[in-house]
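Overview (structure and organization)
What follows is the residue order along each chain.
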Amino acid sequence: MSKSFIKLICLLVIAAMPVCNLLAWGNDTLVPLGQNYLEMRGRIIKSVGRQRDQSKIPLDSAVVSVVNEGGKTIWTGNTDAKGRLNIRLPLGSKFTISFCKKGFVKKIISIDTHVPVDTKKNFDFTYDIDIFEKVEGLDVKVLDSPVAKIDYKTYDKTFSYDAAYTNKVNAGLQKMYHEYYALKNKEEQISVSDSITGKSPEPDFSGTKKSVPCGNGKKPR
């Protein structure tokens, strides 16, 4: 059998596969060729309190998942060594993106990619998401909702944060972070004390709500 014939058979097999499946398993896009998109350019960093940009700690192998309006995970990827991962989303839909890593608490954001009907262009949106390590006893119920909402703004013809929503959730987030750093400091002090005395930490059976663990990072079926 000639090499050219084998190559032709392979091309026919690929062409016969559903386009949506090919795109869904691509490295960085859910958008069919020729269609406009919103490219989400993200960086996931470790939350360690107030810090300057140059001292932020990027999280490699963090799991980034895209969920559609029906609640189905349609794409999953991992950040690189610099904590970065870009994904192109089709216009005219709504999505939720989750960010997590083993040992860290998950965060989510929502994106509405609807634009005016006559808009024929590609967009990009750059953002940072900080996620923090799980701490025993921290109430993270506020993170059940998106920490940010992003949509198209007609007045400046681009995508940006929903300021009203950000103001609404900020109070809850600030309270959670205050509790987080207090618990983190207490945890570290106990760890130092135990290392000096040689004691092992005792398990907590108080029934306090625990931090939400990250998912297993598996690709959707």
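Residues numbered from 1 in each chain as written. Predicted model: local features only at pLDDT ≥ 70, side-chain atom pairs only at ≥ 80, totals over all residues. Heavy atoms only, no water.

1. Comments concerning the packing of aromatic side chains
What describes a pair of aromatic rings is the distance from one ring centre to the other and the angle between the planes of the rings. In the structure shown here, the tally under the stated rule is 10 aromatic pairs. Seen from their ring centres, Phe123 and Phe159 are 5.2 Å apart, and the 80° between their planes marks the pair as edge-to-face. One end of the pair, Phe123, is in strand S8 (residues 123-131); the other, Phe159, is in strand S10 (residues 158-161), and 36 residues separate them in sequence. Taking relative accessible area as the criterion, Phe159 reaches 4% and is therefore assigned buried. For the pair Tyr180 and Tyr181, a centre-to-centre distance of 4.8 Å together with 70° between the ring planes defines the contact as edge-to-face. (Phe/Tyr/Trp six-rings, centres within 6.5 Å; stacked < 30°, edge-to-face > 60°. Helix = DSSP H or I, 4+ residues; strand = E, 2+ residues; numbered from the N terminus. Buried < 20%, exposed > 50% of the residue type's maximum accessible area, 1.4 Å probe, protein only.)

2. Details of the environment of Tyr161
Structurally, the position occupied by Tyr161 is in strand S10. For Tyr161, a relative accessible area of 37% corresponds to the partly exposed category. Distance from Tyr161 to Ser110, taken between C-alpha atoms, is 10.0 Å for residues 51 residues apart in sequence. Setting aside chain neighbours within four positions, we find Tyr161 in contact with Phe125, Tyr127, Ala148, Lys149, Ile150, Lys153 and Thr166. (Contact = heavy atoms within 4.5 Å.)

3. Structural notes on the confidence of the model for the protein chain
Confidence in the prediction of the protein chain, expressed as mean pLDDT, is 80, and 70% of residues score 70 or more. A low-confidence stretch, residues 5-26 (pLDDT under 50), is modelled with 13 contacts involving residues beyond four sequence positions or located in other chains. In the model, residues 205-212 has pLDDT below 50 throughout and makes 19 contacts with residues more than four positions away in sequence or in other chains. (pLDDT = per-residue confidence, 0-100.)

4. Considering the pairing of strand S4 (residues 73-78)
A regular strand places its side chains so that they alternate between the two faces of the sheet. Both strand S3 (residues 63-67) and S4 contribute to a ladder of five bridges, which runs antiparallel. The residue of S4 that forms the bridge with Ser65 is Thr76. Between S3 and S4, which pair antiparallel one after the other, the connecting turn spans five residues, and Gly71 there sits at a positive phi close to 85°. (Pairing = 2+ DSSP bridges.)

5. Overview of the nonpolar core
Formed by 41 residues in total, the largest nonpolar core has its most connected members in Met40, Leu89, Ile97, Phe99, Ile109 and Phe132. Every element with two or more residues in this core is listed here: strand S1 (37-46), S3, strand S5 (84-90), strand S6 (94-100), strand S7 (107-112), S8, strand S9 (148-153) and helix H3 (163-197). Looking at this core, the element that brings in the most residues is H3, giving six residues. (Core = buried A, V, L, I, M, F, W, Y, C linked by side-chain atoms within 4.5 Å.)

6. Considering the environment of Val66
Assignment of secondary structure puts Val66 in strand S3. Sequence separation of Val66 and Ile97 is 31 residues, and the distance between their C-alpha atoms is 4.6 Å. In contact with Val66, other than residues within four places in its own chain, are Leu30, Lys72, Thr73, Ile74, Trp75, Ile87, Leu89, Phe95, Thr96 and Ile97.

7. Thoughts on the sheet that holds S6
Taken together, the six strands give an open sheet; going across it, the order is S4-S3-S6-S7-S9-S10, and neighbouring strands pair in mixed fashion. The outermost strands of the open sheet, each flanked by one partner alone, are S4 and S10. Each strand axis lies, on average, 20° off the axis of its neighbour in the sheet, ignoring direction. Bridging between S7 and S9 involves three bridges; their strand directions are parallel. (Axes fitted to C-alpha atoms, helices over the stretch in contact; angles between N-to-C directions.)

8. So, unusual backbone geometry
With a phi close to 65°, Ser61 is a non-glycine residue in the positive phi region. Its place among the elements puts Ser61 in the loop between strand S2 (57-58) and S3. Its relative accessible area of 40% is what places Ser61 among the partly exposed residues. Not every positive phi belongs to a glycine, and Lys157 is a case in point at roughly 55°. Lys157 gets classed as exposed once you look at its relative accessible area, which sits at 59%.

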